[in-house]
Every structure is written in structure tokens, then in C-alpha cells.
Amino acid sequence: MTRQTGPPDDKGYDPRADRHPRRVEEDAPGVSHHEPIGLRERLSLNRMGTFDWDLDTGFMNLDPGALDVFDLRAEEYDGAPLSLVSRVPAEEGLRLDAALSQALQDGSSSYGAYFRVECRDGTMRWTHSQGRILHDDGGLPYRIIGIVREASSELADSALLRSLQQERRRQTVMVQQITAALARALSVADVTRVLTGTGGARRFGADGLVLGLVEGGRFEIIAAAGLEGEVPDDMMNSRLDDTLPLSDVASSRRPCFLATRGELIARYPRLRPYSEALPAGSSAFLPLIAQDTVIGALGLFNAEPSVQSTEEKNLALALAGVVAQSVQRATLFDQEREFATGLQATMLPRRVPAIAGGEVTVRYHPASVGRDIGGDWYDVVPLPQGRTGLVVGDVQGHDTHAAAVMGQLRIALRAYASEGHSPETVLVRASRFLAELETERFATCTYIQADMESGALHVARAGHLGPLISDGSGHIDWPEIRGGLPLGLATGFGHDHFPETQLFLEPGSTLLLCTDGLVEQPGRDISAGIDALSAAVRAGPPELDALADQLSDHLWAEPGSEDDMALLLLHRLTDHRAAITPRMRLHVHQADPAGTAEVRSALRRTLDQWRAGEVSHNVEVAASELIANALTHTESGALVTVELLPGAQRRIRLEVEDRSSQWPRRRRPGETATSGRGLLLVEALANRWGAEPRGSGKALWCEFVVPDPPDLPDPPDLESTDLASTVVRESMGVPPESEDLLESADLPDSAGLPDSAGLPDSADSAPR
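Each chain has its residues counted from 1, following the order in which its sequence is written. Under the rules for a predicted model, residues below a pLDDT of 70 receive no local features and side-chain atom pairs below 80 are neither given nor counted, while totals for whole chains, interfaces and linings still include all residues. Calculated side-chain values reflect all of the structure's heavy atoms, with hydrogen atoms and water omitted.

Draft legend 1. View of the sheet that holds strand β10 (residues 283–290). Between any two strands, at least two bridges found by DSSP are needed for them to pair. Comment: elements are numbered from the N terminus, with helices defined as DSSP H or I runs of at least four residues and strands as E runs of at least two. Within the open sheet, the 6 strands sit side by side as β8-β7-β6-β11-β10-β9. Their pairing is antiparallel. Taken across any chain shown, the strands that pair with only one partner, and hence form the sheet edges, are β8 (237–239) and β9 (256–258). Along the sheet, successive strands turn relative to each other by an average axial angle of 25°, direction set aside. With 6 bridges joining them, strand β6 (residues 208–215) and strand β11 (residues 293–301) adopt antiparallel strand pairing. Bridge pairing in β11 links L209 to L300. Throughout, a residue-residue contact means that at least one pair of heavy atoms, one from each residue, lies within 4.5 Å. To obtain each axis, a line is fitted to C-alpha atoms, and for helices this fit is confined to the stretch in contact; angles are then taken between N-to-C directions over 0 to 180 degrees. Sheet strands in contact with helix α5 (residues 188–196) are β6 and β7 (218–225), and its direction is about 45° off that of β7. Against the sheet, helix α7 (residues 245–252) touches β6, β7, β8, β9, β10 and β11, its axis set at about 145° to β11.

Here it is, written out as C-alpha cells:
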């Protein structure tokens, strides 16, 4: 390859071609135009010099270029490396010595290091040294030949590179943050909350923003943040023209970047009356384009004037693309949700029928996740013989499929209930119906058949919450209601059995049915939600609608539950002309071996609420004896009633009613007898006791005087208060023949037998 000595030919490379280099005064005037330049001069022109360090003698030769790098005159350097201390600070010398020592220790053939030199004017200069280490035949280093060069410009370029890298990282973080925030936004309202919420504008590197959408050929602003005051009304909805920046970029599909508020007003004079509300700095207006369709525009405002760089403009356009995709997805979601909620609304009852002797109100709220649709439902069904069916249920899921299954199941359950079937039969048929739909969804449900005239409630539940009962005095009770598996699953597992429980709703009391969306929150135990619901009902207003609103607002809406919620409240009206007696009623089936234990448990809790004190044990023992008598010596179950009677002295009246008309007789058991002491125990424990006829059966009753607690104030006169308390427990099921018995349970008290009334000494129906 030959060296070219003449001028370049027409095909040669000339860096000045097609450029306009700036004319500057040459700072190396000693170099002629075409004079050949030696190696040392070439190095010197590039602020570079050489050194030759003889390690045996310790002498280091620096050429003029190297002396210039160290800012030394020839007479200031004597050839000893230590004489450079005047220019190389101690900490920098240690850095250079460490690099050289490491290279010698590793047996390297070269080394390099950056260090700073202090010039004679006190300024610091970055310098780079690189040397070749020569070794003798024995492998020992004896000489280092290298170069030193000024590196300030190089490191300045590196600092700029680091700055650019930091800016790119900052931009990447911005895109990631905005993408992550918008990924959780389902609806258009969610998108606007992300953009206008705390730190929304700062995510875009702006101080304020405005978002608008194209609707029917017009431009509508839907969100604004970081501006002084509100957006003027005449600009909230405008034509798609070039008089306003957002509508302009939406119609032209071209972004607009302005450096100052003055430029903004000059380009869009219509904004002049509102100039004080606009930030004084730069602004960017970006069209939101998704799938080649303009769906809106985004405006970004800054407090400080600036000219956006190419990188900043590209970043803004990228962020606008992210927003556009989110807005389009949210718009489609809103449309689908509107369809789904409309579908669900048609599946829920349009009106709640009136109930004779009672009031009922309902509330429903969709889920706050998904498509704002779910499988919760309620229903109030008129039944034969003046009864009413009440149902609250929940189909698994929060989507359109859950709503569709809910609609079918609600209609089927309503049809079964309208035929007058018992609650257990209704749930069995509903479970089989759901299983035959061949859907993977199951449903929970509580169904109540209510007779408001007598207050009798027949309850069956399928994996659902039981009812809450609140009496007129504010006492809250969650009766224990045995139930079966959820609908659908029960049939699938072959356990479609839903035992019924009989309760009584006293006049003035309120029953609540709800789905778990009212008591369950993510990360919180459901028992805490049940306690909160109990407290809210206890402290709530007496009006049914006001209570329903308060429960919805404070227990569901304020915490922002992610689940949907159905709520049903039933209130039994009271006749204020009659005094209301706190009462507990429950039925024990004749074949129920655990019935007596359940009665004792319910009595214990009820008597504790009534503050019966030491009398509680006596009432409990007497109840056990009378129930055992009815279950052992008759062919029917036992209806147990406990009342707190009003008067100057409080009394507790216990009644156990059966279907046998045979009168009880006291017996005189011998010392070895294992039974026959029932009435003797009752007589010993009660203040008064006796028996009285009840329709086709009889009732044994006893009364206990309740002493006033010494540390509590006198109880209120129950005859002058509107007090009602319903404490109910589950039963093993009520036989059909007991309906007449229940209807006769509220007969007025007959004259009781006196203490030790003249009962026969022996009878087949005598108690134990």
C-alpha cells in the first residue's frame, strides 16, 4: 500500500465537504500550513507527552509534551519521580502508585490510571497515564515507557454520557410507573383517578395536565389537575377545531410543543381571558391515538419555560400512546359493564311486595372489581296462607356468567317457593336445578318462610350466613342455624339435605339477611365484620330504610368493598297498645337426643342477658326435667317458652308444652328409684308451678322470682316500655302436626295450679 503525498483526488474524503466549519484563531501558530510535523509535535498538539522511566536508576525522562501535561517548566523537573509531588496531590499519587504496584505484583506488561494534576493557577486537571512495563531475561521489570495525556475533555464527555444514561433511566422509570398505574385502571373513571390523583402529573414530568375525549364529533374535557381554578364551562365541551389546543391536536392528529405561556396564547388567542389560570412555562399537547383512531388528547403544563428536546418530545409521545391504550381499554370496559349491569338489573326483583304485619326493605350494591357485576341476589316471595318467603343468596364469581346463573337460580327458587314447599324442599330442588345447569359455579343461600301473624320463621340455609335478629331493646342475636352444603355442591356430593330451624320474630323485632360482601373485607377476619355489623345495627336508626342506608354507607361503601352485597331487612310491626314481654321460644323434636342440651345452652345465654343471677341455675334444671318428661312420656316434641314478666318484682316464667292431654301426676319414688322426681324438683326450685290445658295438649309452667342485683339500678317498668327481645335457637325440625301447637302458644295464661296443687300421686305421664 503506497502512501499518498499529494492532495486527495476527487474521490477522497474531506471532512469539510458539505459543512460550514467555524473560523477560529489558531492557538498553535508555530505550525506552518504544509510543514511536516514530527511525532513529538503531533503528541503535543493533542495534549499528550511521553515518559521513559529507568527503574534501576530511578530516573524518569519527560519530554516537553509530558511536562506541559504536568504544567511544569523544564527547570522545575530534575528527573526524579518525587519531584512531581508539587503537581500531583498525595491522594492522587497514592491512586497512581496503587495501579502500578498492582501491575508489578500481577506480572502485567502494562498499567493505566486516571489521576488529577494541580496546575500552577490552582485548578485541577484530569490526567491519564499509561505505560508499557519491560522485563529482562530473568523476568524482572527494569523499564517503563509510556504516555501521559490530559483527560479533562474525555471525562467531561463521560460525565455527559452518564447524565444521558441517568436521563434515560429516569425516562424508563416514568414509563414503567405510568404503565403500572394505568394497568390497574379498569374504567375511564379509574384512568382519570390515576392521572389526576396524588403525583399524577409528576409521573409525566409535568406540573399540570388536562385530559379530554372525542365524543360524537365534539371534544369533552373529563379530567384536569395542577391548574389554577376550574376549566371554564365553555371549554369543557367544544367543537373539533383549531381554536383550542386539545381539540386542535385531536382534529389534526399532530402534537404541539410550546416553550412559554406567551407562545401558547399567541397561537390560541381564545385562551387569553384565562391566561392567569395557565402555568407560565412550557406546554405539550398530544393526540391520543389507538388503533389508528383519535380517541382524545392530553395536555401537559410546566411552571418553568423551556424548549423541549427531541428526547423529551419522544418521551411525551410514548406516554401519550400508553394513555391512549388505557383509555380505549377502559372505554370498552365501561361499555361492557353497562351492558352487564343492565342485564343484572333485569334479573333482580323490580319491586318488593307489601307484607301484612311487617315491613321489608332491600339494598344491593355491585362489586367494585371486575365488571361491577356479581352473583348476589335477594327476593321476597308471596306464599300461600298469607306467608312470605325471604331469600338472600350468592352465586360464585363477579362476571356476566355469575349474573346469568343467578338469574336462572332466582327464578327457579322463586317458583319452588311459590308452590308452598317447605324451606328444605325448596333448597333441595334449587340445588338439583343448579347441578343440572352443568355450570362450574355453586351458590350459597338462606331461605326463610315467615308467618308475620304468629312471628314463626322456618329457616334453611345452604352454606350461607344465618340471620341476625334485633329486638326492640337493641339486643342483637345471631341464632345458630344448622345448614347444608352450598347449592349445586350439595347435589354433586350427594348431601342435598338442609335441616330447618324454627325461630320466632317478636313484635317490634327486626331480622337481617345479607351476603358476605357486607361483613367480609380483604385481609380482615369475617368475625370482625360480623361484630361490626352487630354494632351498627344496635346503634342504627329505628326506621328500616334509614338503617339499610346506614349499613350500606358505613359497612360497604366507605371501606370500598371489592365484593358485591345484598341486604334484606324484615321488621315485624307491633301493637303499641299492648305491653311487650321479652320471650324466648324454641322447639325440641321428639327424636332429638341433643335437644335438651341445646335448650340449656340457649337458656343460659338468655338468662345471663336478663341478669337473672342465681335463679338461672334453677330455671335451667327445671327446664331439663320438664322437657325430659315431654319427650319420654308423650309422642310429641316439646315447645319451650321462657318469658321475663313485668311487674314490681321481676319473674321468669317457664312453659313446656306438649301434644298429650293426659295430666301430670306427682310420684313418690323410693330410695332406689331412678326416675319420678321431676315434679318434686320443679316444686322445690320454683316459687310457683302448675299445669294448664292448651288446645289438643297441655303446658306445664313454673315461675321464678328474680332478685334485683345489688350493684345495678332498679330495672325499668316493662309495662311502660316498648321492649321486645327475641332469642332463638335452631331446632332439629318441626313436625307438621306442631303448627296448631305453635298457633296456640300465645294463648293468655290460665289460672295456674297453686303450690303443691292436688295432683295425683302417680300417673303414666308423670315426670321423672
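Draft legend 2. Region of interest: the pairing of strand β26 (residues 697–705). Relative accessibility decides the category of a residue: with a 1.4 Å probe and only protein chains considered, values under 20% of the type maximum give buried, values over 50% give exposed, and everything between is partly exposed. Most of β26 sits out of view: 8 of its 9 residues are buried. Sheet topology places strand β24 (residues 651–658) next to β26; 8 bridges connect them, and they run antiparallel. Bridging from a neighbouring strand, V656 pairs with L700 of β26. Taken together, the 7 bridges between strand β25 (residues 688–694) and β26 define a ladder with antiparallel strand orientation. For R688, the partnering residue across the bridge sits in β26 and is E703.

Draft legend 3. Broad picture of a nonpolar patch on the surface. On the surface, L485, L489 and F493 cluster together into a nonpolar patch covering about 270 Å² of accessible area. Checked against the element boundaries, L485 lands in the loop between β18 (476–477) and α12 (489–492). Under the relative-accessibility criterion, L485 is labelled partly exposed at 34%. Patch rule: a residue counts if its relative accessible area is over 30% and it has no salt bridge; like charges are joined within 9 Å, and nonpolar side chains (Val, Leu, Ile, Met, Phe, Trp, Tyr) within 5 Å. Residue-level accessible areas treat just the shown protein chains as cover; the underlying method is Shrake-Rupley with a 1.4 Å probe. Every case where a carboxyl oxygen of Asp or Glu lies within 4 Å of a side-chain nitrogen of Lys or Arg is listed as a salt bridge.

Draft legend 4. Highlighting the environment of W701. Relative to the assigned elements, W701 resides in strand β26. Sequence separation between W701 and R688 is 13 residues, and the spatial gap between their C-alpha atoms is 8.4 Å.

Draft legend 5. Up close: the packing of aromatic side chains. Between the rings of Phe, Tyr and Trp (Trp by its six-membered ring), a pair exists once the centres lie within 6.5 Å; its type follows the angle of the planes, with under 30 degrees stacked, over 60 edge-to-face, and the other angles tilted. Applying the stated criterion across every chain yields a total of 2 aromatic pairs. Judged by centre distance (6.2 Å) and plane angle (25°), the rings of F70 and F115 are stacked. Taken together, the residues F70 in the loop between α2 (64–69) and α3 (90–106) and F115 in strand β3 (residues 110–118) connect sequence positions 45 residues apart. Accessibility classification places F70 together with F115 in one group, the buried group. In this arrangement the basic side chain of R653 is found over the ring face of W701, its NZ or CZ atom lying 4.5 Å from the centre. In this analysis the charged atom, NZ for Lys or CZ for Arg, is taken to sit over a ring once it is within 6 Å of the ring centre and within 35 degrees of the ring normal.

Draft legend 6. Representation of the pattern of salt bridges within the structure. Using the criterion set out here, one finds 28 salt bridges in the structure. The salt bridge partner of D68 is R47, with a shortest N-O separation of 3.6 Å. A residue pair is termed long-range when its members are at least 10 positions apart, and D68 in helix α2 and R47 in the loop between α1 (39–45) and β1 (48–54) qualify at 21 residues. Among the salt bridges present, the one from R193 reaches D190, with a minimum N-O distance of 2.0 Å. Taken together, the residues R193 and D190, both in helix α5 and 3 residues apart, mark about one turn of the helix. Using a relative accessible area of 52% as the deciding quantity, one classes R193 as exposed. Salt bridges linked by common partners bring R651, R653, E655, R688, E692 and E703 together as one network.

Draft legend 7. Just α3, in detail. A helix is expected to span 1.5 Å multiplied by its residue count minus one. Here α3 spans 24 Å end to end across 17 residues, near enough to the 24 Å set by a 1.5 Å rise per residue. Packing partners of the buried residues in α3 comprise β1, β3, β4 (124–135) and β5 (141–150).

Draft legend 8. Examining unusual backbone geometry more closely. Here the phi dihedral of D71 falls at roughly 55°; this positive angle occurs in a residue that is not glycine. Along the chain, the position of D71 falls in the loop between α2 and α3. The phi dihedral of R253 falls on the positive side, at around 65°, and the residue is not glycine. Looking at the element boundaries, R253 is found in the loop between α7 and β9.

Draft legend 9. Broad picture of the packing of helix α15 (residues 595–609) against helix α16 (residues 615–633). The interhelical angle for the contact between α15 and α16, taken along N-to-C directions, is 155°, at an axis separation of 10 Å. Considered as vectors, α15 and α16 are oriented roughly antiparallel to each other. In the packing of α15 onto α16, the handedness of the crossing is right-handed. Along the contact surface, α15 presents T596, V599, R600, L603, R604 and L607, while α16 presents S616, V619, E620, A623, S624, I627 and L631. For the contact of α15 with α16, the per-class residue count stands at 7 nonpolar, 3 polar and 3 charged. If an angle is under 35 degrees, it is roughly parallel; if it is over 145, roughly antiparallel; if it lies from 65 to 115, roughly perpendicular; otherwise it is oblique. Left-handed describes a crossing in which the near helix is turned anticlockwise from the far one by less than a right angle; the clockwise case is right-handed. Classification convention: Asp, Glu, Lys, Arg as charged; Ala, Val, Leu, Ile, Met, Phe, Trp, Tyr, Cys, Pro as nonpolar; all other residues, Gly among them, as polar.

Draft legend 10. A look at the nonpolar core. Residue types Ala, Val, Leu, Ile, Met, Phe, Trp, Tyr and Cys, when buried and joined through side-chain atoms within 4.5 Å, form a set referred to as a nonpolar core. Counting residues in hydrophobic clusters, the biggest one holds 50 residues, and the most contacted among them are W377, L413, L427, L487, L568 and L570. When residues of this core are assigned to their parent elements, the largest contribution, 8 residues, is made by helix α10 (residues 400–418). Core analysis: the second largest hydrophobic core is formed by 33 residues, V619, A622, L631 and F704 among them.

Draft legend 11. Just the packing of α16 against helix α17 (residues 678–685), in detail. At a closest axis distance of 9 Å, the pairing of α16 and α17 adopts a crossing angle of 155°. As judged from the angle between their axes, α16 and α17 are roughly antiparallel. Viewed along their axes, α16 and α17 form a crossing whose handedness is left-handed. Residue-level contacts link N618, V621, A622, E625 and L626 of α16 to G678, L681, V682 and L685 of α17. Each residue belonging to the contact of α16 with α17 can be placed in one class, and the counts come to 6 nonpolar, 2 polar and 1 charged.

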